[in-house]
Amino acid sequence: MSPKWMAYVGSRTTRERNARGDGISVFAVDAATGQLTLEQVVGDLVNPSYQVLNQRGDRLYTVHGDQSEVSVLAVDATTGHLTVLQTMDCGGRNPVHLALAPGETHLIVSNHLSGALAVLPVLADGRLAPVNHTVHFPGEPGPHRKEQPFSKPHYNAFTPDGRFVLVPDKGLDRVFSLGWNAGQAALAEAQPWYTAREGAGPRHLALHPTQPWVYVVNELDNTVTACVLNPTHGALTPFQIVPSLPDSYVGPSRAAGIQMALDGRHVYASNRGHDSIATFAIDPGTGRITLRGTTASQGRTPRFFTLAPFGSEAGPWMYVLGEDSDTLECWHVDAATGLPQPTGHAVGCGSPVCMVFWSSAPS
């Protein structure tokens with residue numbers, strides 16, 4: 001029997017964000033066609049944005065953008081529907097990303113407006129204990145008067161071996177490497193960061209599935225930086241920068257998300273303003289990337305997009321979230337070329353900013 005698939009979509013909800021979302025929307029997913037059917041809305045949640053599921057698939061964690069909390073939701077093993085279990089202070093302002101540590105003993109959160117990474121222990125039932133560890137990031141702010149007034153960590157990803165946490169800091173134009181040991185994070189000793197170009201604004205990153213390559217999307221100058229990761233001491237060394245926009249586009253735009261193809265042959269980045277998804281081919285020998293093209297979204301402001309862990313025989317599905325058009329677009333990625341194309345299938349959802357997938361047969 002095929003597993004049941006669900007998608008959890010977090011949305012902005014507040015007037016300050018000019019938002020139209022209701023909370024977390026729960027969609028049933030037809031894995032064969034990629035189409036979405038709304039089954040549940042978990043309301044009374046303020047700006048639930050980035051989310052992560054535990055390995056058992058019975059707990060969903062979400063940060064509350066512009067607030068100071070993170071919530072834990074229980075996942076029904078049969079229906080995939082959600083129930084709020086707990087809301088906990090995350091020790092800072094505007095949490096924007098979160099990740100579960102190896103062994104799922106801790107949850108780490110990037111507090112964007114506090115310039116810090118917070119660590120919360122995970123209890124046996126999946127609930128959270130209060131913050132017990134915080135890491136602040138050193139450096140001088142970048143030159144952008146509005147977006148770089150101070151440290152602004154925007155993402156936190158563990159390396160596959162769980163020994164390091166990589167944190168792009170949009171405010172400082174740095175990407176930090178932190179060592180991780182028994183619930184404690186500290187700046188890596190050998191090379192704790194690399195410095196990006198002034199005004200680049202490193203935002204998110206994606207790790208190659210088999211090679212020591214990391215790709216950082218830079219929000220403010222719409223570029224992607226390719227780096228090599230030293231597996232011994234966690235240092236990141238950049239070796240290439242490529243624009244995420246076509247050279248014919250001269251208007252305003254900001255890059256946002258980045259996703260790695262499951263087979264490691266391509267990496268994708270989203271552009272807000274140009275409203276597109278850029279496709280980069282990855283050289284399997286060197287890790288260098290080449291912009292293959294940009295695909296126009298049918299909606300506006302693709303802050304977030306994601307590749308589904310399932311698809312048709314011809315290739316996987318990509319979902320592009322239009323934050324300002326209130327849309328979830330289903331695209332198809334060609335298995336041979338890696339290029340995505342809109343299918344014309346889309347559903348409405350107010351101010352969507354994150355999507356994660358649940359299966360009735362979790363890993």
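Details of the structure are given in the entry above.
We now turn to the structure provided with this report. The structure presented is a predicted model; accordingly, all values stated were derived computationally and were not measured. (Residues numbered from 1 in each chain as written. Predicted model: local features only at pLDDT ≥ 70, side-chain atom pairs only at ≥ 80, totals over all residues. Heavy atoms only, no water.)

Check the secondary structure of the protein and you find zero helices and 29 strands. On C-alpha atoms alone, the protein measures out to a radius of gyration of 19 Å, which is about the 21 Å that the 2.2 N^0.38 rule sets for 363 residues. Counting all 363 residues of the protein, 59% fall into the buried class. Look at the contacts in the protein between residues 6 or more apart in sequence, and 48% of them connect residues 24 or more apart. Accessible area of the protein: about 14400 Å², with a carbon and sulfur share of 51%. The protein carries 24 positive and 31 negative side-chain charges, and their two centres are separated by 4 Å. (Helix = DSSP H or I, 4+ residues; strand = E, 2+ residues; numbered from the N terminus. Rg over C-alpha atoms; globule rule 2.2 N^0.38 Å. Buried < 20%, exposed > 50% of the residue type's maximum accessible area, 1.4 Å probe, protein only. Contact = heavy atoms within 4.5 Å. Areas by Shrake-Rupley, 256 points an atom, 1.4 Å probe, with all protein chains shown as cover. Lys, Arg positive; Asp, Glu negative; His and termini not counted. Charge placed at Lys NZ, Arg CZ, Asp CG, Glu CD.)

Within the secondary structure layout, L178 lies in strand β14 (residues 174–181). Judged by relative accessible area, L178 falls into the buried class, the value being 0%. Aside from chain neighbours lying at most four places away, what touches L178 is L117, V135, F137, R163, F164, V165, V167, A185, A186, L187 and A188.

With phi around 50 degrees, N18 is a residue other than glycine that occupies positive phi space. You can see N18 is positioned in the loop between β1 (5–11) and β2 (24–29). Looking at N18, the relative accessible area reads 58%, which means it is exposed. Here N94, not a glycine, exhibits a phi torsion of approximately 55 degrees, which is positive. By the element assignment, N94 lies in the loop between β7 (82–89) and β8 (95–100). According to the relative accessible area criterion, N94 is buried, its value standing at 6%.

Moving on, we come to the pairing of strand β23 (residues 276–282). On any regular strand, side chains alternate: one points to one face of the sheet, the next to the other face. Of all seven residues that make up β23, seven are buried, and the element is covered over most of its length. The alternating pattern of β23 places S276, A278, F280 and I282 on one face and I277, T279 and A281 on the opposite face, and all of these are buried. When strand β22 (residues 266–272) meets β23, the two strands line up antiparallel, connected through six bridges. Within β23, the position partnered with V267 by the bridge is F280. The hairpin formed by β22 and β23 contains three residues between the paired strands, and G273 there has a positive phi angle of roughly 115 degrees. Both β23 and strand β24 (residues 289–296) contribute to a ladder of seven bridges, which runs antiparallel. The residue of β24 that forms the bridge with S276 is A296. Linking β23 back to β24 in an antiparallel pair, the connection comprises six residues, with G287 at a positive phi of about 85 degrees. (Pairing = 2+ DSSP bridges.)

On to the sheet that holds strand β9 (residues 106–111), then. Spatial strand order, β8-β9-β10-β11: four strands in an open sheet with antiparallel pairing. The sheet terminates laterally at β8 and β11 (133–136), the two strands that pair on one side only. Between one strand axis and the next, the sheet turns through 20 degrees on average, direction left out of account. Note: strand β10 (residues 116–121) against β11, four bridges, orientation antiparallel. From the neighbouring strand, V119 faces β11, where its bridge partner is H133. (Axes fitted to C-alpha atoms, helices over the stretch in contact; angles between N-to-C directions.)

One finds Y8, L107, Y319 and M355 to be the most contacted residues of the largest nonpolar core, which totals 48 residues. With near-sequence residues (within four places) excluded, M355 lies in contact with A7, Y8, V9, L36, Q51, F304, T306, Y319, L321 and L328. Judged by nonpolar contacts, the second largest core, of 16 residues, contains A226, A278, F280 and I289. (Core = buried A, V, L, I, M, F, W, Y, C linked by side-chain atoms within 4.5 Å.)

Take L207: it is sitting in strand β17 (residues 202–207). Beyond its immediate sequence surroundings of up to four residues, L207 is in contact with A157, F158, T159, P160, L166, W213, V214 and M260.

Summed over the entire model, instances satisfying the criterion amount to seven aromatic pairs. An aromatic cluster is defined as three or more aromatic residues linked by ring pairs; in this entry it consists of W5, F310, Y319 and F357. (Phe/Tyr/Trp six-rings, centres within 6.5 Å; stacked < 30°, edge-to-face > 60°.)

Everything listed here is a matter of geometry and, on its own, says nothing about what the molecule does.
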